[in-house]
Amino acid sequence: MIESIDLRRLHVLRLVHRYGTVTGAAAVLRLTPSAVSHQIRQLSREVGVPLLEPNGRRVRLTPAGHTLVAHADALHAGWEQAQADLAAHATGAAGRLHMCGFPTAVAELLAPAAERLGTDCPRLTVFITELETTEGFDLVLAGEADIAVVVPNAETPPLDDAKFDQRLLLEEPLDLLVPAEHPLARRETVALADAAHDPWIIPAPGSSDFHQLTLVACTTAGFAPAIAHHAKDFFALAALVGRGLGVTLIPRLAPVPSHHAVTRVPLSGAPPPARRTLTCVRRGSHRQPAIARGLDTLRAVARHLPPPLVPPADALGEDHERQVFSHRHDRHDRPSGESHHPAQRYLT
């Protein structure tokens, strides 16, 4: 009979399972590989069965290890829920809330949320980290971040992953960014396939969430983009497009500098290509006061973003559609003094 078990060691096993190596788990936990190996050996002694076995240069869980990880996920979710229930006896959100997300999410969601929280919850200290989606999942799982704003892709955990609670925050249409003199620049809307024969500028593999999103959008439209250049910063993308070096996709919230000779053209489709943005927390933690307040504030910020970002695309009405399709960015057409932010005209 197992008399006691250390939840921290169970968490180490969960991370070894997720990353496939002791070294990978150690990096996330900020421990040495030998310390992680020691924790797993101790846990194996506590439960009385081997938990890991060699698999080439990596390790894999034994059948008993897989069984224990499944229970460990449930135990950790229960502990997060227990902390929420205990915290309910306290008054208000206090302590430290660590939120993280990709660059546009930091600018348009996390920064406004932090400002609101600073006013509404003076006892709560908010800390923000800019990173890409995969790193966000890592920080949340390791307990170093409380809320991650993420973009799901083929490499991220599925929505029903027992370690995470992922919920839709907003859907953001993608625009085609073309040189101002491009034949598509004067169109009200375009199908993505209309740009199939253009050179493309996209982020390098592994450098940005937007790399895979762009490839998926293009292949769904029926073509593989001919990649001419790699860039991930939206200002850099706009500069390359403005010089006539290719076309790219850009999310509706991303700003484009006014001095670049580019036009952003809304995409047609049913539905048009979009970036889905989710909140991610540890499963069971969403009712903890600080995390709950952070999630509520992020949703409030999202609700006040310009249409058609909220509600999701399938709930848009005719007025929303009209606003999307009239939205353009062309330095030759824009009246003097008009905002450079692609969404600013709808902000209040």
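No experiment lies behind these values; they were computed from the predicted model shown. (Residues numbered from 1 in each chain as written. Predicted model: local features only at pLDDT ≥ 70, side-chain atom pairs only at ≥ 80, totals over all residues. Heavy atoms only, no water.)

Undergrad: Can you lay out the layout of surface pockets for me, pointing to particular residues and giving the numbers?
TA: Considered as a void within the structure, the largest pocket measures approximately 490 Å³ in volume. Along the walls of the largest pocket sit 24 residues, with Arg8, His11, His76, Leu141 and Ala142 positioned nearest its centre. Where the lining of the largest pocket is concerned, the elements lending two or more residues are helix H1 (7-19), helix H4 (63-87) and helix H6 (133-142). Within the lining of the largest pocket, the residues separate by chemical class into nine nonpolar, six polar and nine charged. Taken as a whole, the second largest pocket encloses approximately 350 Å³ of empty space. Lining the second largest pocket are 20 residues, with Pro103, Thr104, Lys232, Asp233 and Phe234 positioned closest to its centre. Looking at the lining of the second largest pocket, the elements with two or more residues in it are helix H5 (103-120), helix H7 (209-220) and helix H8 (234-242). Ranked by residue count, the leading element in the lining of the second largest pocket is H5, at four residues. Residues that form the lining of the second largest pocket fall into these classes: 11 nonpolar, two polar and seven charged. (1 Å grid on protein atoms, 1.4 Å probe; cavity = no way out; pocket = protein on both sides within 12 Å on 5 of 7 lines; lining within 4 Å. Points joined across faces, edges and corners; volume = space filled by probe spheres on them. Helix = DSSP H or I, 4+ residues; strand = E, 2+ residues; numbered from the N terminus. Nonpolar A, V, L, I, M, F, W, Y, C, P; charged D, E, K, R; others polar.)

Undergrad: An account of unusual backbone geometry is requested, with residue identities and associated values reported.
TA: Of the consecutive residues Ala270 and Pro271, the connecting peptide bond is found in the cis state with omega at 0 degrees. Examined against the element boundaries, Pro271 turns out to sit in the loop between strand S10 (262-266) and strand S11 (274-282). Phi is positive for Arg30, close to 60 degrees, though the residue is something other than glycine. With respect to the element layout, Arg30 can be found in the loop between helix H2 (22-29) and helix H3 (33-47).

Undergrad: I'd like to hear about the packing of aromatic side chains, residue by residue, with values.
TA: If you walk through the whole model with that rule in mind, you get three aromatic pairs. Arranged with centres 5.1 Å apart and planes meeting at 80 degrees, the rings of Phe137 and Phe164 form a pair that is edge-to-face. Residue Phe137 is located in helix H6, and its partner Phe164 is located in strand S6 (residues 164-179); the two are separated by 27 residues in the primary sequence. Judged by relative accessible area, which is 0%, Phe137 ranks as buried. Overall, Phe164 belongs to the buried group, its relative accessible area being 0%. Relative to Phe223, the ring of Trp200 has its centre 6.0 Å away and its plane inclined at 45 degrees; by these criteria the two rings are tilted. Highlighted residues: Trp200 in strand S7 (residues 199-202) and Phe223 in the loop between H7 and strand S8 (226-230), separated in sequence by 23 residues. The lysine or arginine in question, Arg96, covers the ring of Phe127, its NZ or CZ lying 4.7 Å from the ring centre. (Phe/Tyr/Trp six-rings, centres within 6.5 Å; stacked < 30°, edge-to-face > 60°. Buried < 20%, exposed > 50% of the residue type's maximum accessible area, 1.4 Å probe, protein only. Lys NZ or Arg CZ within 6 Å of the ring centre and 35° of its normal.)

Undergrad: Give a detailed account of the side chain of Gln288, specifying residues and quantitative values.
TA: Summarising the element assignment, Gln288 is placed in the loop between S11 and helix H9 (289-303). Setting aside residues no more than four positions away along its own chain, Gln288 makes contact with Glu80, Gln83 and Ala84. (Contact = heavy atoms within 4.5 Å.)

Undergrad: So, the nonpolar core: which residues are in play, and what are the values?
TA: Core analysis: the largest hydrophobic core is formed by 33 residues, its most contacted members being Leu13, Leu15, Val36, Leu43, Leu68 and Cys280. Mapped by element, the contributors of at least two residues to this core are H1, H2, H3, H4, H6, strand S5 (147-150) and S11. Per-element accounting of this core gives the leading share, six residues, to H1. Those residues in contact with Leu13, other than ones at most four positions away along the chain, are Ile40, Leu43, Leu51, Leu52, Leu61, Gly65, Leu68 and Val69. Listed in part, the 31 residues of the second largest apolar core include Val178, Leu184, Ile202 and Phe223. (Core = buried A, V, L, I, M, F, W, Y, C linked by side-chain atoms within 4.5 Å.)

Undergrad: Can you tell me about empty space enclosed by the protein, naming the residues and giving the values?
TA: Any empty space left between the atoms is revealed when a probe the size of a water molecule rolls over them. If you walk through the whole model with that rule in mind, you get two cavities of 30 Å³ or more. In this structure, the largest cavity encloses a volume near 40 Å³. Forming the boundary of the largest cavity are Phe102, Thr104, Ala105, Leu109, Leu170, Glu172, Leu253, Arg275 and Thr277. Among the elements of the structure, H5, S6 and S11 are those that each provide at least two residues to the lining of the largest cavity. No other element matches H5, which puts three residues into the lining of the largest cavity.

Undergrad: Residues and numbers for the pairing of strand S1 (residues 52-55), please.
TA: Two elements, S1 and strand S2 (residues 58-61), share four bridges in a ladder whose sense is antiparallel. In the strand pairing of S2, Glu53 is matched with Arg60. Adjacent in sequence and paired antiparallel, S1 and S2 are bridged by two residues, among which Gly56 carries a positive phi angle near 70 degrees. (Pairing = 2+ DSSP bridges.)

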